Amino acid sequence: MLIENQSFNITLLLYCIAMVCYFVFFMLRKEKLADYGSLMIKIGLVFHTISLTSRTVEAARLPLSNQYEFATSFAWGIAICYFEFERRYKFKVLGTFVTPLLLIVIFYAAMQSRDIRPLMPALQSNWILIHVSTAIFSYGAFAIACGISMMYLLRDKFKQDTFITKNMPSLQMLDTISYRAIALGFVMLTVVIVSGAIWADKAWGRYWQWDPKETWSFITWVIYAIYLHVRISKGWKDKKTAWFAIIGFVSILFTYVGVNTILSGYHSYAMLLWNML
Amino acid sequence: MSIIHKVIKQVKSMKFGIFLLALLGGLSVFGSIIPQGREIPFYHSRFSEMKSNLILSLKLNDIYHSWYFIGLSSLLSINLLLCSILRLDTIIRKIKGVPSIGKETYIENITFRQSDNLENYINNLFDNFGFKKVIKKDKNGDEIYYSKKNSIGYFGSWCIHLGILLTIISYGYGQYTHFSSEVYGVPGSEVEVEGTEFTVSIEDFRIDYREDGTVGQYYTNMKLLNDKNELLNSKEISVNHPLNYKGYNFYQSATGWATNIQFMKDEKEVVEDLLYEGTFFVDEEEGLAIQFTKFFPDFVATEGGLFTRSHETNNPMFLYALFFNGRRVGMNVVAPGDVIEWNEYDIILDNPKMYTYLQVNKVKGKLGAALGSLLVMIGLVLAFYIKPVTMMVKKTGNKLLVYGNGLEVVQSKTFINKQIDVYNEYH
């Protein structure tokens, strides 16, 4: 527990430093800082992995079953996806847009209880492994797509800025990378939904009950399905698709955090929302 | 074009499909905000009159079973059928047909001096890009060589749409034919499953607790009997491990406490029964009712309320409420076996035991939905990761015009330039 907590805290610190480095790099245009930011992310990822591994050993199961565990794993998924996309496409500025998303998720994890609790009977299923682990990578890929789409909008707005044109790929390239991230996330999200349905059938006898979590997974799936259709058939490869990618990620965050905190309390906040309409 | 043709054209367009998908997604947002499937008074008490009337008249309280949601899903199914699934022949033609020069990306042209070993050269050109089977055709006096790879990728979108259609139809069929019931009882009891010929014999029920007092698992040892009391199946079921019999599934769903109740008047036993937590025993003749409100295995009363310290029956207590002619006349806690006295009535709650609650479901169309989901996943992999690649070489005069679709142009140019050098050296 001590190793896990210390590793988690170091991870949090390193990711924060990475975000500051990337931010200063972007604002003051000091390119060296982007290298430091990238290094901090990589070291942070190592400590993050140590934290998750030690929790796995201590709990004698994968850390995928409560808000803290999923949030820290989700952040790990974003970091892994970032690491891979940065390695593959080699543009430093991506970190400026992805690290804030990473920080949001890991700070959410930090606010949750870190107590290790045994699994409740409904969660004692092998389907949790497929369901939640694919969700981590799906959400991670969508976070990257969201970061790249923010870059797209900025690149489009500051076409004449030499720093931006030098450090950011072309709009076409950004759109292609965002598309690839969304394609990966979409395949994974489909696996998440299907494995969740199979698991629900095993546990409760109904594979689809339109509960808020299922419904919002469906809504998110629809958003990205529309993105893919309009991009392929209508040739939308511009700001509109970039906005789609951002809205899709907002929907992801709502599916994860909002459904648990707002819609689960049907009698309170959801009613407030309805009364505001 | 007649109106019917215009409508059909509209219905099978992708634009219409996207519109329907967006509409279904939008309606689902309302479905997630407004509580679904509650009793009508719930909406009247929860919302203002205008809003509750709006919710009930638009069926927003059961949106997923509303005529418009079902109608939109049906339209989406028709759209999927017409828009892509019936286009299978187009895909097959695309796979089998000769590539069209206009649609392929021009890459390079190679000028050759003599045609000795030209076919070998062309085959080698294809081979170096991983194309094994090269087809030669004569088209308008030109020789065309072409080859295709990963053509299965063309089926990606088709598989996805077929899968979604199959899933929607199977889900709709499952909803339409759905059977749901429940049985509950204490160990040793036999309970008929309403609406079926089955009887469930509850042989045993136990809960595994961990050292920290949390529940590890719930187990019900059950036998399934038919109306002739013949054994059909038996199993120890637990959460995530139901019993399946001919499409009927028996799920470990919940649990609670039950107690024996002795109801006496003037010290003579009137009735003895089993009472479940939260339920009433009502003597209609006498106008007396008792509610078994809650059971505390390890009772403790604090200023904050009544609690149980653990699941162990160290200090068992029943919380009960007494009603006479519909009016509550008493409420208290009582230990098992102690007598609750009220006028000439004596009531004893005794022998607390846990009961098991099983959900019984039969959902048809699961296989179709599973197959549909599988098709969607296969389709996604095909669509995103198996990219069809075409390469074509057109021999016209003393030139080879190279075209490709899906080939990395930069790589191919480098490769072809290299090939040209080799070819020129060779000759």
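For the structure, check the block above.
Parameters at a glance
Per-chain numbering applies: the sequence of each chain, read as written, is numbered from 1 onward. Key to labels: chains lettered from A, ligands numbered from 1, both in the order written. Residue-level local features of this predicted model are given only where pLDDT is at least 70; pairs of side-chain atoms are given and counted only at 80 or more, and the full residue set underlies all totals for whole chains, interfaces and linings. No hydrogens and no water enter the side-chain calculation; it runs on all heavy atoms of the structure. With a 1 Å grid laid over protein atoms only, a set of points is called a cavity when a 1.4 Å probe fits there but cannot get out and a pocket when it is open yet has protein on both sides within 12 Å along at least five of seven lines; lining residues have an atom within 4 Å of a point. Grid points are joined across faces, edges and corners, and a volume is the space filled by probe spheres set on the points. All residues other than Ala, Val, Leu, Ile, Met, Phe, Trp, Tyr, Cys, Pro, Asp, Glu, Lys and Arg, Gly among them, are scored as polar; the first ten of these are nonpolar and the last four charged. Strand pairing is defined by DSSP finding a minimum of two bridges between the two strands. Strands are runs of DSSP state E lasting at least two residues, helices are runs of H or I lasting at least four, and both sets are numbered from the N terminus onward. Lines are fitted to the C-alpha atoms to define the axes, a helix being fitted only along its stretch in contact, and any angle between axes, read from their N-to-C directions, falls within 0 to 180 degrees. Stacked, tilted and edge-to-face pairs are distinguished by plane angle, under 30 degrees for stacked and over 60 for edge-to-face with tilted covering the rest, among Phe, Tyr and Trp rings (Trp via its six-membered ring) whose centres lie within 6.5 Å. Only protein chains enter the accessibility calculation, which uses a 1.4 Å probe. A residue is then buried if its area is under 20% of the maximum for its type, exposed if over 50%, and partly exposed in between. Only when the NZ of Lys or the CZ of Arg is both within 6 Å of the ring centre and within 35 degrees of the ring normal is a charge said to sit over the ring. In this description, contact between two residues means that some pair of their heavy atoms is separated by no more than 4.5 Å. Only one rule defines a salt bridge in this text: a Lys or Arg side-chain nitrogen within 4 Å of an Asp or Glu carboxyl oxygen.

1. Regarding empty space enclosed by the protein
The full count for this structure, using the stated rule, is two cavities of 30 Å³ or more. Computed from the structure, the largest cavity encloses a volume of approximately 60 Å³. If you trace the largest cavity, you find it lined by Arg 206, Tyr 207 and Trp 208 of chain A together with Tyr 171, Gly 174, Gln 175 and Val 363 of chain B. Considered class by class, the residues forming the lining of the largest cavity number four nonpolar, two polar and one charged.

2. Here we look at the sheet that holds strand 6 (residues 199–209) of chain B
Residue and element names in this part refer to chain B. Strand order in the open sheet formed by four strands is 5-6-7-8, with antiparallel pairing between adjacent strands. Either end of the sheet is taken by a strand with one partner, and the two such strands are strand 5 (190–192) and strand 8 (231–238). Across this sheet, the average inter-strand angle for adjacent strands is 25 degrees, counted without regard to direction. Note: strand 5 against strand 6, three bridges, orientation antiparallel.

3. Points about the packing of aromatic side chains
Given two aromatic rings, one states the distance between the centres and the angle between the planes to describe the pair. All chains considered together, the criterion is met by 47 aromatic pairs over all chains. Note on Phe 155 of chain B and Trp 158 of chain B: the rings are 6.3 Å apart at their centroids and 75 degrees apart in plane angle, and the pair reads as edge-to-face. Placement of the pair is Phe 155 of chain B and Trp 158 of chain B together in helix 8 (residues 155–176), with a separation of three residues, close to one helical turn. What makes Phe 155 of chain B partly exposed here is its relative accessible area of 22%. Given a relative accessible area of 17%, Trp 158 of chain B falls into the buried group. Ring centres of Phe 324 of chain B and Trp 342 of chain B lie 4.9 Å apart, and the angle between their planes is 45 degrees; this geometry places the pair in the tilted category. Here Phe 324 of chain B, found in strand 16 (residues 317–324), pairs with Trp 342 of chain B, found in strand 18 (residues 339–342); they are 18 residues apart in sequence, far enough to count as distant. One aromatic cluster is present, formed by Phe 70, Phe 74, Tyr 108, Tyr 139 and Tyr 256 of chain A through successive ring pairs. Positioned over the ring face of Tyr 179 of chain A is Arg 231 of chain A, at 4.1 Å from the centre of the ring. If you follow Lys 149 of chain B out to its NZ or CZ, it ends over the ring of Phe 131 of chain B, 4.9 Å from the centre.

4. Considerations on the interface of chain A and chain B
In this complex, chain A contributes 47 residues to the contact, which on the side of chain B involves 51 residues. At the junction of chain A and chain B, the tally comes to one salt bridge. With a shortest N-O distance of 2.8 Å, Asp 201 of chain A and Lys 366 of chain B are connected by a salt bridge. Put simply, the parts of the chain that give the side of chain A that touches chain B at least two residues each are helix 7 (171–204), helix 8 (212–233) and helix 10 (269–276) of chain A. Ranked by the residues each element gives to the side of chain A that touches chain B, the list is headed by helix 7 of chain A, at 13 residues. Residues belonging to the side of chain A that touches chain B are distributed by class as follows: 34 nonpolar, nine polar and four charged.

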